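# A structural walkthrough
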Amino acid sequence: QADNTTQLLHSLQENRYHSRAIHHCHREINTLHHNLSRPPNTHKMVEEEVPLPILFHDVTPIPQEDGPHPVCAISYKEDFTEAMNYLRAVLRANELSARALKLTSICLKLNPANYTVWHFRRRCLQNLSSSSSSTKFAPESIQSDLEFSSKLGGSNPKNYQIWYHRRALLEPTFEAEMIKQKEGKEKGKEDEDDIIQKAKEELNYINGVLENDGKNYHAWSHRQWVLRTICFPPSIYNSELDYVHKLILDDPRNNSAWNHRWFITHKGCTRKPLSSLEDVQKEITYAMQCAEVDPFNESPWRYVIGFLEECKKYSGSEGNGEFLYVYRFFG
C-alpha cells in the first residue's frame, strides 16, 4: 500500500491539472487506508469517498472547448466543470467501467437533464451486466438504477430524460414478455408473476408522482406505456378505474384523469369502440353525473361527446344498431 501511495502522489504532482488536489491527497489516502483496514463485510465502498482526481488518476481530463474568444462563457461551478472534463475523457476512451458508471452518477446529480450522460450510463450498465438472458441489463442493475432515478426524479418530476431512462431499463424485460405472449410460448408462472409484480411497482411509483401533480404528462404517458406493454389480468383495469375515479373526485377538471379513464375503458385500444352497449351507457351516465355537479366543467362533456361520436361512427356497421340507439338517446 505504501508503494501505491508513493506512485499516486508522484503522478498527481506531475499533472498540473491535479495540483489543487495535492493539498488534501494525504488526508484522502489516510481515509482509504482506514477503510481498507476494516473487515471486507463491513467497510463501505471506497469509491464513494474518492475524489475524481484520484479515482481517475490515469486519465487526462478534457476541458470544454469554447473557442479562443467566447462571447458569453458560462460560469460553471468548480465541481461541475471537473466532473464534465473527466466525462469527456471517458467518453473519448469509450471506457464502460464501474468507475465510469460512478462518474455518470456524479454528473447526473449535477445536471439530471443531460441526455448524453443518461445514454452513456445505460451503455455502462449493459457492459457491466452479467445477465445471460435476452434482456440488456442485469436484474440487480435495473432495481438499483430505478431507485437512483427515483431519487433524482423527486425534485425533477417533469424531467423527460429520467422518465425515458426508467422505460429503457424496463423495456427489454417487458417487451420480451409481450413477444412470448404473442408467440404463445410457455412461460413459468414464477417468471410471469415477477414481471407483473415489477409492473405493479412501477405503477405505484407513478401513483406517488401523480399525488403531487395529477396532470404530469410524463407520468401519465409512462403509466399508459406500462399498461399497454404488459398483458395484465382483467382485475388491473378495474383497479385503474377505481384509481382514476379518486383522482376525478379530487379534481373534476383534471383532463389527464378523464383521458386515462377513456384509455382504461378501451383497454388501451383507443381506436376501437367498446363492444358492450352496457359499458357505453355506464360511461356516459358516469360523465353526466359528474357534469351535474359542475355544469360548467368541460371535461365530462368532452368525455360524453367522445362516446357519442364513437357510437355515431360505428352505428352504420352491421349488427351495431344499438350504438345508433345510444347516440340518438343521449345525443
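Rules of the game
Residues numbered from 1 in each chain as written. Predicted model: local features only at pLDDT ≥ 70, side-chain atom pairs only at ≥ 80, totals over all residues. Heavy atoms only, no water. Helix = DSSP H or I, 4+ residues; strand = E, 2+ residues; numbered from the N terminus. Buried < 20%, exposed > 50% of the residue type's maximum accessible area, 1.4 Å probe, protein only. Contact = heavy atoms within 4.5 Å. Expected span 1.5 Å × (residues − 1). Salt bridge = Lys/Arg side-chain N within 4 Å of Asp/Glu carboxyl O. Polar contact = N/O pair within 3.5 Å; in protein donor to acceptor, adjacent residues only side chain to side chain. Phe/Tyr/Trp six-rings, centres within 6.5 Å; stacked < 30°, edge-to-face > 60°. Lys NZ or Arg CZ within 6 Å of the ring centre and 35° of its normal. Core = buried A, V, L, I, M, F, W, Y, C linked by side-chain atoms within 4.5 Å. Axes fitted to C-alpha atoms, helices over the stretch in contact; angles between N-to-C directions. Parallel < 35°, antiparallel > 145°, perpendicular 65-115°, else oblique. Left-handed = near helix turned anticlockwise from the far one by under 90°. Nonpolar A, V, L, I, M, F, W, Y, C, P; charged D, E, K, R; others polar. pLDDT = per-residue confidence, 0-100.

### Here's the deal with the overall build of the protein
Looking only at helices and strands, one finds 16 helices and zero strands in the protein. Counting the 331 residues in the protein, one finds 43% classified as buried. Taking all contacts inside the protein whose residues are at least 6 apart in sequence as the whole, residues at least 24 apart take part in 63%.

### Here's the deal with helix α12 (residues 234-250)
For the α-helix, the turn length of 3.6 residues means that residues three or four positions removed from each other point alike. Compared with an ideal rise of 1.5 Å per residue, which puts 17 residues at 24 Å, α12 spans 25 Å between its outermost C-alpha atoms and is within 8% of the ideal. Residues of α12 that are buried: Ile236, Tyr237, Glu240, Leu241, Tyr243, Val244, Leu247 and Ile248.

### Side note on the pattern of salt bridges
Under the defined criterion, the tally for this structure stands at 12 salt bridges. Through salt bridges that share partners, Asp58, Glu95 and Arg99 make up one connected network.

### Focus: the environment of arginine 88
Position of arginine 88 among the secondary structure elements: in helix α5 (residues 78-93). Each C-alpha atom, one on arginine 88 and one on glutamine 64, is 8.4 Å from the other, the two residues being 24 residues apart in sequence. Once you skip the residues sitting within four places of it in the chain, arginine 88 turns out to touch Ile62, Pro63 and Gln64.

### Some details on helix α15 (residues 298-314)
For α15, spanning 17 residues, the distance from its first C-alpha to its last is 25 Å, which sits close to the expected 24 Å at 1.5 Å a residue. Turning to α15, its buried residues number three or more, namely Ser299, Pro300, Tyr303, Val304, Gly306, Phe307, Leu308, Glu310 and Cys311. Where α15 begins, one side-chain oxygen reaches toward the backbone nitrogen of serine 299, 3.1 Å away; that side chain belongs to asparagine 297.

### Overview of the packing of aromatic side chains
Tallying each qualifying case throughout the model produces 11 aromatic pairs. Relative to tyrosine 303, the ring of tryptophan 262 has its centre 6.1 Å away and its plane inclined at 85°; by these criteria the two rings are edge-to-face. Taken together, the residues span a long stretch of sequence, with tryptophan 262 in helix α13 (residues 255-265) and tyrosine 303 in helix α15 at a distance of 41 residues. The residues tryptophan 262 and tyrosine 303 share a single accessibility class, namely buried. Members of the aromatic cluster, joined through ring pairs, are Trp258, Trp262, Tyr286, Tyr303 and Phe307. Over the ring of tyrosine 286 we find arginine 261; its NZ or CZ atom is 3.7 Å from the centre of that ring. Its end group placed over the ring of tyrosine 237, lysine 267 keeps NZ or CZ at 5.4 Å from the ring centre.

### Focus on unusual backbone geometry
Notably, asparagine 94 is not glycine yet its phi reads approximately 55°, a positive angle. Position of asparagine 94 relative to the elements: it lies in the loop between α5 and α6 (98-110).

### Digging into the nonpolar core
Core analysis: the largest hydrophobic core is formed by 72 residues, its most contacted members being Phe56, Leu103, Phe174 and Phe232. In contact with phenylalanine 56, other than residues within four places in its own chain, are Tyr86, Val90, Glu95, Arg99, Ala100 and Leu103.

### Re the packing of α12 against α13
The geometry of α12 relative to α13 is characterised by a closest axis approach of 9 Å and an angle of 165° between their N-to-C directions. Taken together, the axes of α12 and α13 are roughly antiparallel relative to one another. Crossing of α12 over α13 shows left-handed handedness. Of the residues in α13, those in contact with Tyr237, Glu240, Leu241, Val244, His245, Leu247 and Ile248 of α12 are Ala257, Trp258, His260, Arg261, Ile264 and Thr265. Residues that form the contact of α12 with α13 fall into these classes: eight nonpolar, three polar and two charged.

### Some points on the environment of serine 97
Along the chain, the position of serine 97 falls in the loop between α5 and α6. Put simply, serine 97 and cysteine 124 are 27 residues apart on the chain and 6.3 Å apart in space, counted from C-alpha to C-alpha. Excluding residues within four positions of it along the chain, serine 97 makes contact with Cys124 and Leu128. Within the structure, serine 97 has its side chain in polar contact with the side chain of glutamate 95 (distance 2.6 Å).

### Some details on the confidence of the model for the protein
Counting all residues, the mean pLDDT for the protein is 81, and 72% of those residues have values of 70 or more. In this model residues 12-24 is a low-confidence stretch, pLDDT under 50, and it forms 17 contacts with partners more than four residues away in sequence or in other chains. Predicted confidence for residues 33-47 stays below pLDDT 50, and this span has 14 contacts to residues more than four positions away or in other chains.

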